[in-house]
Amino acid sequence: MRHEISILIIGLFVVLSTASATAALLSARAPKPLSATLVNLTQRINAWWVMVALMAVAFFFGRYGMTILFALISFAALREFVTLTHSRRSDHWVLLGMFGIVIPFQYWLVWTAWYGLFVIFIPVYCFLLMPAITALHGDTERFLERVSAQQWAIMISVYCVSHVPALLTLNVPGFEGRNLLLVAFLIIVVQGSDVLQYIFGKLFGKHRFSPTVSPSKTWEGLIGGLVASSLLGTLLSFITPFSPLQASAVAFVACTMGFLGGLVASAIKRDQGVKDWGHLIEGHGGMLDRTDSLVFAAPIFFHIVRYFWTV
Amino acid sequence: MNKLSLRTFTLLQTATSVGLSALAWAVTGVRPIWSGSQPSDRQRIYFANHTSHGDFILLSACLSEKERAITHAVAAAEYWGKSKLRRFIAEDMLSSVLISRQWTSPEENPISVMLSVLDQGHSLIIFPEGTRNMSDELLPFRSGLYNLSMARPDVELIPCWIENMSRVLPKGQFLPVPLLCRVVFGAPVAVAPGEERRAFLERARSELLALNPRPDRDD
């Protein structure tokens with residue numbers, strides 16, 4: 001596994017260095033003051049260096065690193081989500097429970113590989129008990145709206161995100177001890193797809209995919225990004241239990257889900273009247289701006305691998 | 001309290017302020033939005049909406065270390081002077097200035113207490129609503145802001161809108177919900193020549209309200 005990880009790290013280093021060099025070259029040639037797009041591009045690439053470095057550290061610490069890193073990602077994502085939605089004073093204890101009980105417990109389930117409870121703890125127990133607690137508080141004003149927002153918040157930020165480290169608990173015959181590479185495959189393909197869609201969109205984008213939801217998503221970006229990231233998946237098949245063809249199909253499904261995740265996130269932001277979820281990651285916005293695609297891709301990828309590749 | 005003499009921070013006060021600012025960032029990711037004024041170590045009175053004990057911590061987390069060392073929150077002696085422990089927290093740790101609503105002797109007069117702080121070159125954080133607000137609307141302002149400004153017209157009055165703190169730590173709760181908060185610092189407000197007390201207070205209140213980045217929200 002060390003061999004594959006070394007190749008990935010060298011590959012990412014080459015890609016990021018190329019990106020930084022390109023951005024520097026573009027900025028040097030462009031008229032001053034630099035356009036907002038160029039400034040943002042440089043910020044985005046700089047943030048990628050930091051994110052890749054943090055990921056590499058988490059990978060180094062294996063299961064511990066992954067579980068803790070994604071629990072923290074859930075924390076940041078949930079904070080952004082709850083901040084944006086309506087809540088009332090009487091929701092205080094439910095909100096506290098989401099941060100103080102739901103996140104730690106869900107990641108404990110990931111850690112102990114208790115699959116049976118991991119898949120139902122949030123969609124069954126939390127979804128039933130949280131509105132019950134809210135009802136017991138007796139405050140019915142905008143009840144359905146508050147309860148739905150809380151449920152979507154933990155669904156997106158905790159349940160879906162926790163499927164990334166949960167990949168480490170899958171038992172794929174012939175792939176024992178190498179599950180970290182599944183995590184790397186998913187993250188690189190889905191985040192790579194975001195970047196590729198951005199690049200194809202900026203270079204060739206003409207036809208808006210859905211002007212009412214997101215002004216930045218184009219058909220050209222979508223198709224170019226999906227084709228390129230499926231190819232990326234094929235290239236990376238050597239780190240997975242998949243054949244090259246299977247890898248491209250799995251990558252295609254994951255990236256399509258990722259695209260839909262971005263679309264849903266845009267719809268929520270538009271509905272709430274904001275452009276970004278937060279300001280945690282310079283140039284990108286908040287944690288959810290960076291992870292919206294991963295959020296939708298992770299559970300589907302997890303179940304595809306679990307259904308077709310595990311015993 | 002009566003013989004108020006201020007120094008810059010003791011070690012305990014510095015440690016408390018650094019610790020609380022770090023905590024405020026970890027919980028709320030607090031960041032300042034300078035919209036009409038700029039960070040400065042000149043003498044100021046920051047006035048803000050008040051819904052939570054965390055308000056003062058959030059606001060001072062947005063100031064530089066140097067400004068924090070000379071900026072004191074004004075708090076009610078009736079609450080913070082009730083026990084030895086509370087007084088220790090308020091004065092020896094947070095370096096607040098306690099004022100009494102039911103004052104008797106002239107040196108307890110809240111205005112003279114606050115003026116004595118200003119006269120030593122320090123800045124103040126005040127909550128002109130006078131209490132932690134449980135309602136959805138900003139309460140009418142008490143007169144202190146006007147009196148201070150009339151007495152020391154050189155001191156800048158900076159309105160500061162503290163966002164979301166009523167949801168993070170509502171009155172009566174002690175565990176904070178981590179939500180993102182911003183503090184919006186507005187343009188200085190000054191008493192116009194001949195402006196009446198009530199008119200000024202209402203104007204200061206609406207200047208503060210206008211800083212709310214999400215006025216559509218009732219929370």
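Along every chain, residues carry numbers that run from 1 in the direction the sequence is written. Chains and ligands are labelled by the order in which they are written, letters from A for the one and numbers from 1 for the other. Since the coordinates come from a predicted model, pLDDT governs what is reported: local features require at least 70, and pairs of side-chain atoms require 80 or more to be given and counted, while whole-chain, interface and lining totals use all residues.

(A) Structural detail: the overall build of chain B. In this description a helix means any DSSP run of H or I spanning at least four residues, a strand means any run of E spanning at least two, and both kinds are numbered starting from the N terminus. Broken down by element type, chain B carries nine helices and seven strands. With respect to the principal axes defined by its C-alpha atoms, chain B has extents near 40 × 40 × 30 Å. Counting other C-beta atoms within 10 Å of a residue's C-beta gives its exposure: the residue is buried at 20 or more, exposed at 12 or fewer, and partly exposed in between, where C-beta atoms are placed from the backbone. Going through the 219 residues of chain B one by one, you find that 42% of them count as buried. Considering only contacts within chain B whose residues lie at least 6 apart along the sequence, 72% involve residues at least 24 apart. For the purpose of contact definition, each residue receives a C-beta atom placed from its backbone, and two residues are in contact when these atoms lie within 7 Å.

(B) Quick look at the pairing of strand β7 (residues 182-185) of chain B. Residues and elements named next belong to chain B. What you see with β7 is no split at all: R182 and V184 on one side and V183 and F185 on the other are buried throughout. Paired strands, in this sense, are two strands between which DSSP finds at least two bridges. As paired strands, strand β6 (residues 156-162) and β7 are joined by three bridges and run antiparallel to one another. Among the inter-strand pairings, C160 is bridged to a residue of β7, identified as F185.

(C) Fine view of the confidence of the model for chain B. The predictor's confidence in any single residue is recorded as pLDDT, a number from 0 to 100. The share of residues in chain B with pLDDT of 70 or more is 95%, and the mean pLDDT across the chain is 90. Our summary of model confidence lists the complex with pTM equal to 0.92 and ipTM equal to 0.86.

(D) Structural detail: helix α9 (residues 197-209) of chain B. Residue and element names in this part refer to chain B. Relative to the 18 Å expected for 13 residues at 1.5 Å per residue, α9 spans 18 Å between its end C-alpha atoms, a close match to the ideal helical length. Looking at α9, one finds that the buried residues are F200, L201, A204, R205 and L208. Seen along its axis, α9 keeps its buried residues to an arc of 135°; they face one direction. In α9, those exposed residues whose orientation departs by more than 90 degrees from the buried face are R198 and S206. Next to the buried residues of α9 lie β2 (44-48), α7 (144-151) and β6. One less than the residue count of a helix, multiplied by 1.5 Å, gives the span that helix is expected to have. The directions from the helix axis to the C-beta atoms form the arc being described.

(E) Focus on the packing of helix α3 (residues 62-84) of chain A against helix α10 (residues 287-309) of chain A. Residues and elements named next belong to chain A. At their nearest, the axes of α3 and α10 sit 9 Å apart, and the two run at 110° to each other. Comparing the axis directions of α3 and α10 gives the class roughly perpendicular. Considering how the two elements wind past one another, α3 and α10 form a crossing that is left-handed. Residue-level contacts link I73, A76, A77, E80 and F81 of α3 to M287, L288 and T291 of α10. Comment: axis = line fitted to C-alpha atoms, over the contacting stretch for helices; angle = value between 0 and 180 degrees taken between N-to-C directions. Should an angle lie under 35 degrees it is considered roughly parallel, over 145 roughly antiparallel, and from 65 to 115 roughly perpendicular; all remaining angles are considered oblique. The handedness criterion is simple: a crossing whose near helix is rotated anticlockwise from the far helix by less than a right angle is left-handed, and one whose near helix is rotated clockwise is right-handed.

(F) Up close: α7(B). Regarding α7(B), the residues found buried are G144(B), L145(B), Y146(B), L148(B) and S149(B). Taken together, the buried residues of α7(B) touch β2, α6 (110-119), β5 (123-126), β6 and α9 of chain B.

(G) Region of the structure containing the nonpolar core. Counting 130 residues, the largest nonpolar core has L78(A), L186(A), A254(A), A298(A), L58(B), L59(B) and C160(B) as its most contacted members. Ignoring sequence-local partners within four residues, the contact set of A298(A) consists of C160(A), V161(A), H163(A), V164(A) and L186(A). Think of a nonpolar core as buried Ala, Val, Leu, Ile, Met, Phe, Trp, Tyr and Cys residues, each tied to the set through C-beta atoms within 7 Å.

(H) Inspection of the UniProt feature "transmembrane region" (unreviewed entry) in chain A at higher detail. Residues and elements named next belong to chain A. UniProt positions are given in the numbering used here, feature names are shortened, and annotations may be inferred rather than shown by experiment. As recorded in UniProt, the sites labelled "transmembrane region" (unreviewed entry) are residues 47-78, 90-109, 115-137, 149-168, 180-200, 221-239 and 245-268. The span residues 47-78 shows a helical share of 97% and a strand share of 0%, and its end C-alpha atoms are spaced 21 Å apart. Between the end C-alpha atoms of residues 221-239 there is a gap of 27 Å, over a span that is 79% helix and 0% strand.

(I) View of the sheet that holds β2(B). Residue and element names in this part refer to chain B. The strand order across the open sheet built from seven strands is β1-β7-β6-β2-β5-β3-β4, with neighbouring strands paired in mixed fashion. Either end of the sheet is taken by a strand with one partner, and the two such strands are β1 (31-34) and β4 (97-99). In this sheet, adjacent strand axes meet at a mean angle of 25° when their direction is disregarded.

(J) Summary view of unusual backbone geometry. Residue K32(A) is joined to P33(A) through a cis peptide bond whose omega torsion reads -5°. By the element assignment, P33(A) lies in the loop between α1 (2-29) and α2 (36-60). Despite not being glycine, R142(A) shows a phi value in the positive range, around 50°. Mapped onto the fold, R142(A) is located in the loop between α5 (115-136) and α6 (143-166). By the C-beta count within 10 Å, which is 12 here, R142(A) ends up exposed. For S95(B), which is not glycine, the phi torsion reads 50° and is therefore positive. Within the secondary structure, S95(B) sits in the loop between α5 (84-93) and β4.

(K) View of the domain arrangement of chain A. Residue and element names in this part refer to chain A. If you check the domain split of chain A, you get domain 1 (1-60) and domain 2 (62-309). On the side of domain 2, 13 residues touch domain 1, which itself brings 11 residues to the contact. Taken together, the elements giving at least two residues each to the side of domain 1 that touches domain 2 come down to α1 and α2. The element contributing the most residues to the side of domain 1 that touches domain 2 is α2, with eight residues. Note that the domain bounds were set by an automatic or database domain assignment.

(L) Quick look at the environment of R167(B). Residues and elements named next belong to chain B. Counting through the fold element by element, R167 comes out in helix α8 (residues 165-168). For R167, a count of 24 C-beta atoms within 10 Å gives the class buried. Distance from R167 to S17, taken between C-alpha atoms, is 22 Å for residues 150 residues apart in sequence.

(M) Structural detail: the packing of helix α4 (residues 92-112) of chain A against α5(A). Residues and elements named next belong to chain A. Orientation of α4 relative to α5, taken along the N-to-C sense of each, is 165°, at an axis distance of 11 Å. Considering their axes alone, α4 and α5 lie roughly antiparallel with respect to each other. The two elements α4 and α5 meet at a crossing, and its hand is right-handed. Across from W93, V94, V102, F105, Q106, L109 and V110 in α4, the residues of α5 making contact are L117, F118, F121, I122, C126, M130, I133 and T134. Partitioning the contact of α4 with α5 into residue classes produces 13 nonpolar, two polar and no charged. As a working rule, the residues Ala, Val, Leu, Ile, Met, Phe, Trp, Tyr, Cys and Pro are called nonpolar, Asp, Glu, Lys and Arg charged, and the rest polar, with Gly in that last group.

(N) Structural detail: the environment of L245(A). If you trace the backbone, L245(A) turns up in helix α9 (residues 244-272). Residues L245(A) and L231(A), spaced 14 residues apart in sequence, show a C-alpha to C-alpha distance of 9.5 Å.

(O) Representation of the pairing of strand β3 (residues 71-76) of chain B in the model. Residue and element names in this part refer to chain B. By the criterion of burial, β3 is predominantly enclosed, with five of the six residues buried. Here β3 pairs with β5 via three bridges, running parallel. Within the sheet, the bridge partner assigned to H72 lies in β5 and is L124. Of the strand pairs in this sheet, β3 and β4 are connected by three bridges, and their pairing is parallel. Paired with V74 across the bridge in β4 is V97.

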